[in-house]
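# Overview (structure and organization)
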Amino acid sequence: MTKRYGIMGGSFDPIHMGHLMMSEYVRVELDLDEIIFIPTGNPPHKQKGLLDAKDRLEMVEMAIKDNPHFSVSDIEIKRKGISYSVDTILALKEAYPQDDFYFLIGLDILPDLRGWRRFDELAKEVEFALAIRPGFDSMNKEKMVWEINTLKEQFQAEIIVVETPLYEISSTDIRRRVREGKSIRYLVKEEIRQRIQENGYYKG
């Protein structure tokens with residue numbers, strides 16, 4: 001029987017409530033069987049100072065353990081060299097040839113997709129679930145529709161738009177708050193907050 005997987009990739013530095021909420025919302029809206037969280041190992045476009053992959057992976061495991069529809073994969077962490085999404089998806093498709101995959105992205109990623117490595121190959125293997133938040137203006141909506149149509153014409157990319165609740169949380173802001181000694185309670189799961197505090201992550 002065919003299963004439907006959502007792929008939630010990212011550095012998760014750290015994983016926060018916005019990641020979890022968006023993933024669960026898309027899972028329900030698209031009737032997906034499972035969301036697979038895939039922390040990046042050595043991402044091609046990432047800032048210096050990225051927390052060790054092992055620590056980020058363990059925080060994801062902690063954050064998702066109470067949701068039976070969430071799982072985590074270390075496929076990109078184990079891969080040597082720079083990780084690209086197309087390599088990850090091709091590996092998953094080889095392992096699960098009968099199943100369908102949906103790549104979760106945010107609106108900020110949409111304009112960058114055509115610049116992704118071997119995007120034409122990636123577009124043949126997955127559908128994209130584009131999570132949009134309420135309240136974006138008409139100009140952004142017009143630009144979004146243009147981007148979607150362009151990707152469909154140039155690459156035959158299939159993009160499903162999913163409206164999700166508003167969640168103004170970012171890993172960048174969480175790291176900044178930690179550096180400034182401010183609370184991150186309720187921005188991340190409590191176990192994650194405690195781990196960050198106990199290990200002194202993001203202090204320097």
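In what follows, the structure referred to is the one given above.
Note that the structure is predicted; figures quoted are calculated from it, not measured.

### Some points on the packing of aromatic side chains
Evaluation of the coordinates by the stated rule reveals nine aromatic pairs. Seen from their ring centres, Tyr 5 and Phe 101 are 5.4 Å apart, and the 20° between their planes marks the pair as stacked. With a gap of 96 residues between them, Tyr 5 in strand S1 (residues 4-10) and Phe 101 in strand S4 (residues 100-106) connect regions that are remote in the sequence. Using a relative accessible area of 2% as the deciding quantity, one classes Phe 101 as buried.

### Describing the environment of Leu 187
You can see Leu 187 is positioned in the loop between helix H7 (171-179) and helix H8 (190-199). When the C-alpha atoms of Leu 187 and Leu 30 are compared, they prove to be 25 Å apart, with 157 residues separating the residues in sequence. With near-sequence residues (within four places) excluded, Leu 187 lies in contact with His 16, Met 17, Ile 169, Ile 174 and Arg 177.

### Some words on the pattern of salt bridges
Inspection of the entire model under this criterion finds 18 salt bridges. Between Arg 195 and Asp 55 there is a salt bridge, with the nearest N and O atoms lying 3.1 Å from each other. Separated by 140 residues along the polypeptide, Arg 195 in helix H8 and Asp 55 in helix H2 (residues 53-64) bring together distant segments of the chain. In terms of burial, Arg 195 and Asp 55 fall into one category: buried. Residues Glu 191 and Lys 65 are paired through a salt bridge, measuring 3.9 Å at the closest nitrogen-oxygen approach. One end of the pair, Glu 191, is in helix H8; the other, Lys 65, is in the loop between H2 and strand S3 (70-72), with 126 residues separating them in the sequence. Classification of Lys 65 by relative accessible area gives exposed; the value is 59%. Residues joined in a network through salt bridges with shared partners are Lys 54, Asp 55, Glu 58 and Arg 195.

### Some details on the sheet that holds strand S6 (residues 159-163)
Ordered by their spatial adjacency, six strands build an open sheet running S3-S2-S1-S4-S5-S6, and the pairing between neighbours is parallel. With one partner strand each, in any of the chains shown, S3 and S6 form the two edges of the open sheet. When strand polarity is set aside, the average angle formed by the axes of neighbouring strands in this sheet is 30°. Relative to strand S2 (residues 34-39), S1 runs parallel, the two being bridged by six bridges. Bridge pairing in S2 places Gly 9 opposite Ile 38.

### Digging into unusual backbone geometry
Along the chain, Asp 13 connects to Pro 14 via a cis peptide bond; the corresponding omega equals 5°. By the secondary structure assignment, Pro 14 is in the loop between S1 and helix H1 (17-29). We note that Tyr 186 has phi near 75°; this positive angle belongs to a residue other than glycine. Phi at Tyr 202 takes a positive value of approximately 65°, unusual for a residue other than glycine. As for its placement among the helices and strands, Tyr 202 is situated in the segment after H8.

### Some thoughts on the pairing of S1
Side-chain positions along a regular strand alternate between the two faces of the sheet. Counting buried residues along S1, five of its seven residues qualify, which places the element largely inside the surrounding structure. The pairing of S1 with S4 spans four bridges and is parallel. Within the sheet, the bridge partner assigned to Gly 6 lies in S4 and is Tyr 102. Between S1 and its parallel partner S2, the chain crosses via H1, and the hand of that crossover is right-handed.

### Let's talk about the pairing of S4
Of all seven residues in S4, six are buried; the element is thus mostly enclosed. One ladder, built from five bridges, connects S4 with strand S5 (residues 127-132); its direction is parallel. Residue pairing across strands places Leu 104 opposite Ala 129, the latter belonging to S5. Once you follow S4 into helix H5 (residues 119-125) and on to S5, the crossover reads as right-handed.

Basis of the calculations
- Residues numbered from 1 in each chain as written.
- Predicted model: local features only at pLDDT ≥ 70, side-chain atom pairs only at ≥ 80, totals over all residues.
- Heavy atoms only, no water.
- Phe/Tyr/Trp six-rings, centres within 6.5 Å; stacked < 30°, edge-to-face > 60°.
- Helix = DSSP H or I, 4+ residues; strand = E, 2+ residues; numbered from the N terminus.
- Buried < 20%, exposed > 50% of the residue type's maximum accessible area, 1.4 Å probe, protein only.
- Contact = heavy atoms within 4.5 Å.
- Salt bridge = Lys/Arg side-chain N within 4 Å of Asp/Glu carboxyl O.
- Pairing = 2+ DSSP bridges.
- Axes fitted to C-alpha atoms, helices over the stretch in contact; angles between N-to-C directions.
- Right-handed = clockwise from strand over helix to strand, strands pointing away.

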